[in-house]
Amino acid sequence: MINHWHSAAGPDRPVQTLFGRAASVAYVVDTATSPENASLILVTGPVGIGRSAVLAAVRDELTTRGITTLMLRVARNERDRPYSFASRLSAEIVALNRGGDARRTAKAATPAPRPDAGRQAATELRSAIASCDKLTVLIDDAQWIDPGSRAVLLPMVRTLARGPVTFVGALRPSPADPAGDRAALDQLRAAGLAEVVSLRPLRESEVRALVTQQLQAKPSASLLTYLRGECRGRPAAVLTAVAGHRRSGSLGVFDGHAYLTSPERPPLLPAGLPPVEYLQQLGGLVWPVAKAMSVLHPLGCAATGLIAEAVGTDEDKVREALAELCAEGILRPGPGPGHWRFRLPLLASALTTCLGPYEQRRLAQLAVTAIWAGDAGADDRYLAEQLVTAGRFVDSRRASGELLAMGTAAMLDDGYFAERWLRAAIDLITEPDLRAQALQAHAATCCIHLWYADAMASAWKVLSGHADLVTPEALLEMEMIYVVSLGATFDTAALTEICNGGWRSLPGAEGHRVLTRCVALCHLDRWLEADEHLTAHQDLWSQDNDVVAALGLLLSECIGAYLGRTAPFDEAVAAPLSGPLWTLGARHRFERLSQLARVLMAFGDLDRAERLLAAHELPSGYRPVPDRVVADGQGGRWDPALNLARVGLATGLSVGDLPVHTLMCRETSVILGARGRLARAREVIERARTVQPVMLHLLAVPEAYLDHALGATERAGRVIADGLALAVERGLVIGTDELWLMRAVSELAAGDPVAAQRCVDEVHRVAELLGTGRARVCRLLATAVVHQDRAAAAEAVRLARRRAQPMEQANTIGTVVRHGLADPSLLHEAYALYGDLDALLPRAQLRNLMREHKVTMPRQSLTIAENERLLATLVTEGLTNRELAVVLGGSEKSVESRLGRLFKRTRYRSRVELASAILTGEYPA
């Protein structure tokens, strides 16, 4: 069978790259060129393992060494033409020796079958070889050599032992190979005249390197897991799968890392893949049986009969075709009698792309009918997928009912399939009330999983065409989803229209419309107006039905907390089970708990958020990506936080409930900045300004840190001032505790103690309003620094330790020591905390502080290695030597010296080479 999944690069086919085969290529080349070489070397392995690529690499290396090579590929139809290959080989060698047209000579020399054809073919080949100097003949797809030619070649290997010609063949072994050939090969191997090189599947590290080179981005763990399951370490299949996901838009890249938007979504594979084309050429029933098996193989022993019905033949003939597919290496026996599995799961996906619309629906119809009748068994996911495909080929009422039930059950835990099944149910349902129910479930599913365009479309269908068919509670949910989706898709014009008067014409009662306008105002970052609107119309929403009243109260509590009125919100956190939202079902409990925890994390109270979720467990293991990033970031779990942030930013799943996108970008920029990724951190901040731009003053802290790191002190001061002005304009108190603290420290450093004291007063005011742990830390630090209050400094450190947020704790220690308010030996604690976070930049800055205070330094070899990692990271971020000197606290001359040592030790010749090495993981920055 053809060895490659792709024959040439093109828009639908990736570039062939040889990975993990260097040792095999070297072994074959060394064996072929050794004076005591074997006369026959066979490179073996299954389809897609890279036999042809290895053969091509061997040819290139031999050519480089000045050895003449002859490359031949055997076509499948040659196996039925006696002695055709032996004759062609003779003609090719003769033509090569004469410098003639080998192809014309070989074609003319193909013999007609006759009694002495074998003897003649052997004589011609022996004569051709006798006239050779050193020659290596490379034979691709050698399994198709006709039996007569094999009978000529194998004995000749013995007679030509260690002669001028070496044969290197690439073939796919098969259990159907003639016993005589296997015995002859065994004898040759025993005599040292033949070698067999079996190509193994690529290791995960090799797959990672292959994909990294192909995408210029490191594959995520989930992407590698998917490729391992679908491609089984076969390089051609890996490249094909990656190209298929790029084509379908289901593969995203951010910050040099690649992710699948949904591992369940299949790749979009081109129809003309060589393995598929090969199966088409096998003739008989093999091709239609292979296509049908790609759909029906999960049904086990029932698949054979269903395939027979689908292709219009009897089961015995289907079994013959299945046996041939097994002999071809396509299928393997499954776990039970009559069960079959694809050796390469990706091939099943490729075959399904070859089915026409009618074929797809017919096969799905057969599968569903058999399952419904009890004649076949399969899991619910398989049944649902076949119901989606079958459409109206099966009982629409039953199919839509089952899809609606399974989709609703999977809403929280299996979003990709839930969305597909509910969408299919909507297409099948004819009853208006059931259709409204399905649209409602579909909109909710898409909103939960942050697919806002689809959520908005379904919600609007309910609002515009089915408002009278859903309950008031469901109608309110659709209005909320619609407005949230408008915000998430950046349709500010539509949001503004709702706020300016469109809200009055929305369906539902007055309370619905009041809450809808309130949420629209929040998505426009008009928090003060939203609060005033809620307050002015409290009589309308509070006296509506229980759900409207409960949601209005939750909005009032959360918005009020952002504006500095935290008492009602604190009461809600203390008693989250109160109100009808808790009793209306899992989805409503999920939303209530998630929102309360989200607001707590926005205030930096991760410990309270975690206690809340621990005491009242979420009804699902699912948690939106942005929420997880914020929780992991604040909790010091930076590696998973950064990985999740990349997933969200690469796949578009970073926009969620307010203000979580801004919070996620804030945490991500903090992590990137601390790890020396200054340019990337700034890129994330800029993204937050253009994607769902709300509460942007929360970004001032990480942005000012980046400016300080680059020596732009004045700009950092303006960033803090602008952040405070924006918060005041919006009426927001959240996040201003940190900004007033930073401004107090800045004013003191600028020699203005009066201005610094005003900032301290503001920090105290904010701390009194919010009462959060972070606000108390900020108040204590501001008091300590401006008043030189060592007691306040000690209390700040104690409180930071209790809060157990590593970055905050380390920063607090660094601040009090830097201002002479604590024992410098505390710097060891901060240094260790930064180390656990892999925060390279603050660790380097802290080492400078440790030198100033004559604190015992870490072992020099460790600091040298860490400094080198930081330097390499900063270089790849595009910093100039002057900027590097500022960031590292040295001179440009010292930077030049350190760069010289780095390039000399690593043997990289330029910044570009270093950046490429970091991308591929060759240099572990």
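Residues numbered from 1 in each chain as written. Predicted model: local features only at pLDDT ≥ 70, side-chain atom pairs only at ≥ 80, totals over all residues. Heavy atoms only, no water.

1. Thoughts on the packing of helix α24 (residues 510–523) against helix α27 (residues 546–562)
Their axes nearest at 10 Å, the elements α24 and α27 cross at an angle of 25°. The pairing of α24 with α27 is recorded here as roughly parallel in orientation. Between α24 and α27 the crossing geometry is left-handed. Across the interface between the two elements, G511, H512, L515, C518, V519 and C522 from α24 touch V548, L551, G552, L555 and I559 from α27. Tallied by class, residues from the contact of α24 with α27 come to eight nonpolar, three polar and no charged. (Axes fitted to C-alpha atoms, helices over the stretch in contact; angles between N-to-C directions. Helix = DSSP H or I, 4+ residues; strand = E, 2+ residues; numbered from the N terminus. Parallel < 35°, antiparallel > 145°, perpendicular 65-115°, else oblique. Left-handed = near helix turned anticlockwise from the far one by under 90°. Contact = heavy atoms within 4.5 Å. Nonpolar A, V, L, I, M, F, W, Y, C, P; charged D, E, K, R; others polar.)

2. Comments concerning the pairing of strand β7 (residues 251–254)
On a regular strand, each side chain points to the face opposite its neighbour's, so the side chains alternate between the two faces of the sheet. Sheet topology places β7 next to strand β8 (residues 257–260); four bridges connect them, and they run antiparallel. Opposite F254, over in β8, you have H257 as the bridge partner. Once β7 ends, the chain turns through two residues before running back antiparallel as β8, passing D255 with a positive phi of about 55°. (Pairing = 2+ DSSP bridges.)

3. Section: the sheet that holds strand β1 (residues 40–44)
Read from one edge of the open sheet, five strands run β2-β3-β4-β1-β5, paired in parallel fashion. With one partner strand each, in any of the chains shown, β2 (68–73) and β5 (194–198) form the two edges of the open sheet. Averaged over all pairs of adjacent strands, the angle between strand axes in this sheet comes to 15°, irrespective of strand direction. Alignment of β2 against strand β3 (residues 135–140), held across six bridges, turns out to be parallel. Within the sheet, the bridge partner assigned to L72 lies in β3 and is I139.

4. Focus: the pattern of salt bridges
Enumeration over the complete set of coordinates arrives at 61 salt bridges. The partner of D531 in a salt bridge is R565, with the nearest N and O atoms 2.8 Å apart. In this pair, D531 sits in helix α25 (residues 527–536) while R565 sits in the loop between α27 and α28 (567–574), placing the two residues 34 residues apart along the sequence. For D531, a relative accessible area of 7% corresponds to the buried category. By relative accessible area, R565 is classed as partly exposed at 39%. Taken together, the shared-partner salt bridges connect D255, R646, R677, R680, E683 and E877 into one network. (Salt bridge = Lys/Arg side-chain N within 4 Å of Asp/Glu carboxyl O. Buried < 20%, exposed > 50% of the residue type's maximum accessible area, 1.4 Å probe, protein only.)

5. Quick word on the confidence of the model for the protein chain
Averaged over all residues, the pLDDT of the protein chain equals 89, while 94% of them reach at least 70. Confidence drops under pLDDT 50 across residues 1–16; counting only partners more than four residues distant or on other chains, this segment forms 68 contacts. The low-confidence segment residues 102–111, where pLDDT is below 50, has 14 contacts with residues more than four positions distant or belonging to other chains. (pLDDT = per-residue confidence, 0-100.)

6. Some words on unusual backbone geometry
In this structure, D141 is a non-glycine residue whose phi angle is positive, near 55°. Mapped onto the fold, D141 is located in the loop between β3 and α6 (147–159). Residue class for D141 comes out buried when judged on its relative accessible area of 2%. At Q692, a residue that is not glycine, the phi angle is positive and equals roughly 50°. One can find Q692 in the loop between α35 (678–690) and α36 (700–709).

7. What about the packing of aromatic side chains?
Summed over all chains, the structure comprises seven aromatic pairs. Between Y416 and F417, the aromatic rings sit 5.0 Å apart at their centres with planes inclined by 75°, giving edge-to-face as the arrangement. The class for F417 is buried, based on a relative accessible area of 6%. Through a chain of ring-to-ring contacts, the aromatic side chains of Y416, F417 and W421 assemble into a single cluster. Over the face of the ring belonging to W144 we find R76, whose NZ or CZ atom lies 5.4 Å from the ring centre. One residue, R680, lies across the ring of F254, its end atom 5.8 Å from the ring centre. (Phe/Tyr/Trp six-rings, centres within 6.5 Å; stacked < 30°, edge-to-face > 60°. Lys NZ or Arg CZ within 6 Å of the ring centre and 35° of its normal.)

8. A few points about the packing of α36 against helix α38 (residues 736–749)
Helix packing for two helices is described by the angle between their axes and how far apart those axes are. Running from N to C, α36 and α38 cross one another at 30°; their axes reach a closest spacing of 10 Å. Between α36 and α38, the interaxial angle falls into the category roughly parallel. Between α36 and α38, the contacting residues are A700, V701 and A704 on the first element and E738, L739 and M742 on the second. In terms of residue class, the contact of α36 with α38 is made up of five nonpolar, no polar and one charged.

9. Considering the side chain of H466
Following the sequence through the fold, H466 ends up in the loop between α21 (452–465) and α22 (472–488). A relative accessible area of 14% places H466 in the buried class. If near-sequence neighbours (up to four positions away) are discounted, H466 is found in contact with P432, R435, A436, L439 and K461.

10. Some words on the sheet that holds β7
Strand order in the open sheet formed by three strands is β6-β8-β7, and the pairing between neighbours is mixed. Both edges of this open sheet fall to β6 (218–219) and β7, since each of them pairs with a single strand only.

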